[in-house]
Amino acid sequence: GKAKSGKPRLMNAQEMYRKMLAQQSQSSDAPPFKVSAPALSIPDDTTLVVFGGTNWDNLGKGKEAHTKSAPNLMGPCRLVLPGVKVAFVATSSCSSHCIALSASGAAYAWGRNQCGQLGLGDTLTRAGPTEVTALQGTPLSAAATGKHHTLWLGAEGDLFASGSSKEGCVGPSADKRREMEATPVAVPGLAAGAAYVAAGGAHNLVIDREGTLWAFGSSECGVLGNGTDGQYNKSDSSIKLAYATEAAPLKVPKLAGRKMVHAACGPQHSAAVDEEGRCFTWGCGGYGRLGHKDQKDAWTPAELPGLRATRVVCGSAFTAATGHAVLHSGVVCASSSSLYMWGRVKSASQNCWMSPTVEQDLSGWKVQALACGSVHTVVGADSSVISWGPACSCGELGYGELGPKSSARPKKVDLLEGAHVAQVACGLAHTLLLAATDSAITDALPEWKPVQGAASGPSDAAGGAAAKGGAPKKTIAKKGGGKAKK
């Protein structure tokens with residue numbers, strides 16, 4: 001364009017950068033922008049690292065009490081499963097229980113279990129990993145945890161579920177005479193077989209091997225994406241609202257015909273990405289967690305037009321995705337990837353991010369692992385682990401006994417500097433990491449040995465078993481140059 005004087009208007013640095021990216025993206029030999037399903041690259045030798053609360057029965061209830069035997073792990077600790085190579089971990093923003101899968105497909109579960117979500121045949125809380133013997137003989141490739149239920153994905157595409165069944169979370173095979181299935185039951189209805197699973201507060205998303213997205217569970221807030229929130233009145237004489245449930249997996253109609261590659265669930269919202277990187281969100285819109293510049297609930301999937309995502313994850317009231325900007329011309333800036341976030345990203349006293357916004361503190365970092373807990377976020381980027389989140393109190397950020405408990409800005413986890421992280425999973429006030437074993441880094445961490453029978457209990461002042469670590473640095477300096485803003 002031209003200025004009023006008639007002379008060509010000079011482009012500012014940002015405009016020049018976008019033009020350069022657009023030229024690169026429009027190169028005649030550039031392939032079409034495509035996204036593949038995220039795949040884990042598991043090191044030959046792995047270490048399971050944990051930090052945060054371990055008083056499983058009280059996490060997320062506003063009484064984050066810890067005891068000597070169920071401490072808050074303020075810094076990273078090793079959790080050893082003797083003779084087992086851990087190849088996958090799972091927990092979620094609404095979960096107070098955890099899953100680990102071995103390289104051979106065996107399942108181990110621990111944490112809160114009042115609805116049988118651990119799949120161990122009872123409702124006893126487990127302080128540490130316990131093998132799910134009911135699934136022996138069925139190698140597993142993945143799992144997903146909801147608030148009171150768990151999905152188990154078999155290596156051959158078969159799907160199982162355990163936990164609370166009254167809202168349809170464990171599928172149509174549940175015994176209608178009871179409200180839970182403490183032993184995993186098969187979830188039928190996916191002829192092509194399941195390839196990816198995600199679990200929310202009381203709903204699930206499943207991508208089958210053909211790329212079709214399915215949903216089942218409670219329809220509250222429209223999280224199933226079928227055009228309704230399922231609300232109805234249970235009583236003729238008074239107002240007693242309830243929500244319809246769908247125990248059998250149903251296709252998400254608006255996404256039919258699209259090949260989906262990734263999906264995520266928050267307690268009350270859903271997100272999914274197709275093979276073109278188009279990111280869709282639906283469900284509860286409070287705090288802008290859907291990214292549509294308002295707080296309205298969406299009962300069907302709605303696309304986020306300015307983003308091409310490679311993966312998406314959901315916190316309680318916020319969402320995050322790695323991906324690429326889309327210019328007004330529709331060109332995807334494929335050569336530059338960023339971390340985008342939206343919703344209640346910072347503290348409650350700060351404005352929500354109503355649409356996908358780049359987390360500038362991580363500009364220039366290559367994020368290879370990403371997870372969101374209830375209020376915190378953890379990433380594995382290059383050879384660093386970086387975490388942040390407001391109102392954290394149990395050590396889920398991993399800054400150590402001498403470091404801050406919460407941080408609105410991303411900070412390095414110093415004790416894990418240099419670690420190669422293959423996977424991150426964040427839950428209610430706790431974090432799991434799957435890292436390559438390193439004699440100078442992971443082997444130097446203290447070992448946490450869970451004490452069964454003491455996973456919950458009243459607070460005590462000592463809590464001295466919490467792991468200690470150094471205070472974090474005040475900035476995120478990227479090796480090789482540059483550092484984040486203070």
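Everything discussed here concerns the structure shown above.
The rules behind each value
- Residues numbered from 1 in each chain as written.
- Predicted model: local features only at pLDDT ≥ 70, side-chain atom pairs only at ≥ 80, totals over all residues.
- Heavy atoms only, no water.
- Pairing = 2+ DSSP bridges.
- Helix = DSSP H or I, 4+ residues; strand = E, 2+ residues; numbered from the N terminus.
- Axes fitted to C-alpha atoms, helices over the stretch in contact; angles between N-to-C directions.
- Core = buried A, V, L, I, M, F, W, Y, C linked by side-chain atoms within 4.5 Å.
- Buried < 20%, exposed > 50% of the residue type's maximum accessible area, 1.4 Å probe, protein only.
- Salt bridge = Lys/Arg side-chain N within 4 Å of Asp/Glu carboxyl O.

(A) Local environment of the sheet that holds strand β7 (residues 140-145). Across the sheet, which stays open at both edges, the four strands sit in the order β7-β8-β9-β10 with antiparallel pairing between neighbours. The open sheet terminates on both sides in strands that have one partner only, identified here as β7 and β10 (180-186). Strand after strand, the sheet turns through a mean of 10° between neighbouring axes, direction not considered. Note: strand β9 (residues 159-164) against β10, four bridges, orientation antiparallel. Pairing of Gly 163 across the sheet is with Glu 181, part of β10.

(B) Seen up close, the nonpolar core. Counting residues in hydrophobic clusters, the biggest one holds 30 residues, and the most contacted among them are Ile 99, Val 132, Leu 151, Trp 152, Leu 159, Val 197 and Val 206. For this core, the secondary structure elements donating two or more residues are β3 (86-90), β4 (97-102), β5 (107-111), β7, β8 (149-154), β9, β11 (194-199) and β13 (213-218). Here the element with the most residues in this core is β7; it accounts for four residues. Grouped together as the second largest cluster of nonpolar side chains are 22 residues, Leu 79, Ala 100, Cys 394 and Leu 432 included.

(C) How the structure looks around the pairing of β13. When you tally the buried positions in β13, you get six out of six residues, the bulk of the element. Pairing analysis gives five bridges linking strand β12 (residues 203-208) to β13, with the strands arranged antiparallel. Across the sheet, the residue bridging to Leu 205 is Ala 215, located in β13. Linking β12 to β13, which pair antiparallel, is a turn of four residues; within it Gly 211 sits at a positive phi near 90°.

(D) Fine view of the pattern of salt bridges. Counting across every chain of the model gives eleven salt bridges. Among the salt bridges present, the one from Arg 178 reaches Glu 181, with a minimum N-O distance of 3.2 Å. Between Glu 417 and Lys 412 there is a salt bridge; the shortest N-O distance is 3.6 Å. Residue Lys 412 is classed as buried on the basis of its relative accessible area of 4%. Through salt bridges with shared partners, a single network forms among Asp 175, Arg 177, Arg 178 and Glu 181.

(E) Layout of the sheet that holds β3. With antiparallel pairing, the four strands of this open sheet are ordered in space as β3-β4-β5-β6. Looking along the sheet, the strands with just one partner apiece sit at the ends: β3 and β6 (126-131). Here the average twist between neighbouring strands, direction ignored, is 15°. Of the strand pairs in this sheet, β4 and β5 are connected by five bridges, and their pairing is antiparallel. Among the inter-strand pairings, Leu 101 is bridged to a residue of β5, identified as Ala 107.

Remember that the coordinates give geometry; whether it matters functionally is a separate question.
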